[in-house]
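Observations on chain architecture
Next come the chains, spelled out residue by residue.
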Amino acid sequence: MEYKKIKKAAELFLQSNTLPAMMTKIVLVLVATGLIISVAAMAPNMFKILGKNIKFRGTKFKEKKFRLTVQQLKHRGLLKLNQNGKLELTPEGFQNLNKYLIKNIRIEKPKSWDGLWRIVLFDIPNDKRKSRDGLRHCIKKFGFYQFQKSVWVFPYPCREEIETTASFWNINKYVEIIETNVLPDQGKIL
């Protein structure tokens with residue numbers, strides 16, 4: 001469930017053709033083609049074998065740009081060579097990718113309302129204030145209505161997006177999602 005939303009956010013980002021998108025495409029290619037990368041690390045002439053361009057969903061990666069981007073990502077501490085000679089994301093690289101994906105999650109609004117309200121409740125301890133603020137920021141960005149301090153209401157399906165967001169902030173156990181067709185004072189929200 002979470003995977004579908006993250007995948008969709010990633011695809012939208014990858015289609016943007018910005019510099020961060022290009023760098024992320026390369027990282028994803030590196031992760032997805034670990035075997036090829038380990039060969040490339042040991043055999044710098046890999047591009048002569050594969051050709052001068054690597055295609056990834058319609059995007060061409062030229063050898064020089066590919067090598068430069070890999071060097072930049074390694075320099076920034078987002079990629080590293082593991083013990084087997086394969087390039088892999090560092091914990092910081094993985095965290096940066098997750099941050100970007102969570103930042104770009106969107107809730108699709110259906111053409112017609114199904115008549116159910118989604119109520120998100122949370123009671124997050126003070127020692128997780130940063131996570132609580134992050135979740136609250138995302139909920140506001142999604143367009144939720146604040147019903148009470150830690151009670152937010154939304155008219156469209158959003159379980160996967162909320163679960164993904166709570167999982168990112170590592171606060172799943174403090175967040176509840178309720179669906180109901182009755183909501184007190186719903187006239188204020190509509």
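Structure: see above.
Here's what I pulled together on the structure shown here. In this convention, every chain numbers its residues from 1, walking through the sequence in written order. Only residues with pLDDT of 70 or above have their local features reported here, since the model is predicted, and side-chain atom pairs are shown and tallied only from 80 upward, although totals for entire chains, interfaces and linings are computed over all residues. Side-chain metrics in this entry use all non-hydrogen atoms of the structure; hydrogen atoms and water are not considered.

Considering the packing of helix α6 (residues 91-103) against helix α8 (residues 159-168)
How we decide: Each axis is a line fitted through C-alpha atoms, taken for helices only over the stretch in contact, and angles between the N-to-C directions span 0 to 180 degrees. In this description a helix means any DSSP run of H or I spanning at least four residues, a strand means any run of E spanning at least two, and both kinds are numbered starting from the N terminus. The cut-offs work like this: below 35 degrees is roughly parallel, past 145 is roughly antiparallel, 65 to 115 is roughly perpendicular, and the gaps in between are oblique. Crossing handedness is defined as follows: a turn of the near helix away from the far one that is anticlockwise and smaller than a right angle gives a left-handed crossing, while the clockwise case is right-handed. Any two residues whose heavy atoms approach within 4.5 Å are treated as being in contact. Residues are sorted three ways: Asp, Glu, Lys and Arg are charged, Ala, Val, Leu, Ile, Met, Phe, Trp, Tyr, Cys and Pro are nonpolar, and all the rest, Gly among them, are polar.
Interhelical geometry of α6 versus α8 gives an angle of 150° and a closest axis separation of 11 Å. In terms of axis orientation, α6 runs roughly antiparallel to α8. The handedness of the crossing between α6 and α8 comes out as left-handed. Listed contacts from α8 to N98, K99 and I102 of α6 are T164, T165 and F168. Classifying every residue of the contact of α6 with α8 gives two nonpolar, three polar and one charged.

Looking at the pattern of salt bridges
To keep things clear, this is the line we draw: Only one rule defines a salt bridge in this text: a Lys or Arg side-chain nitrogen within 4 Å of an Asp or Glu carboxyl oxygen. Type-normalised accessible area, obtained with a 1.4 Å probe on protein chains alone, sets the label of each residue: buried when under 20%, exposed when over 50%, and partly exposed for intermediate values.
The tally for this structure, following the rule as stated, stands at four salt bridges. In this structure, E179 and R118 form a salt bridge, with 3.7 Å as the shortest nitrogen-oxygen distance. Here E179 is found in strand β8 (residues 175-180), whereas its partner R118 is found in strand β5 (residues 117-122), with 61 residues between them in sequence. With a relative accessible area of 40%, E179 lands in the partly exposed category. The salt bridge involving R136 is made with D133; its shortest N-O contact spans 3.1 Å.

All we've got here are geometric facts, nothing functional implied.
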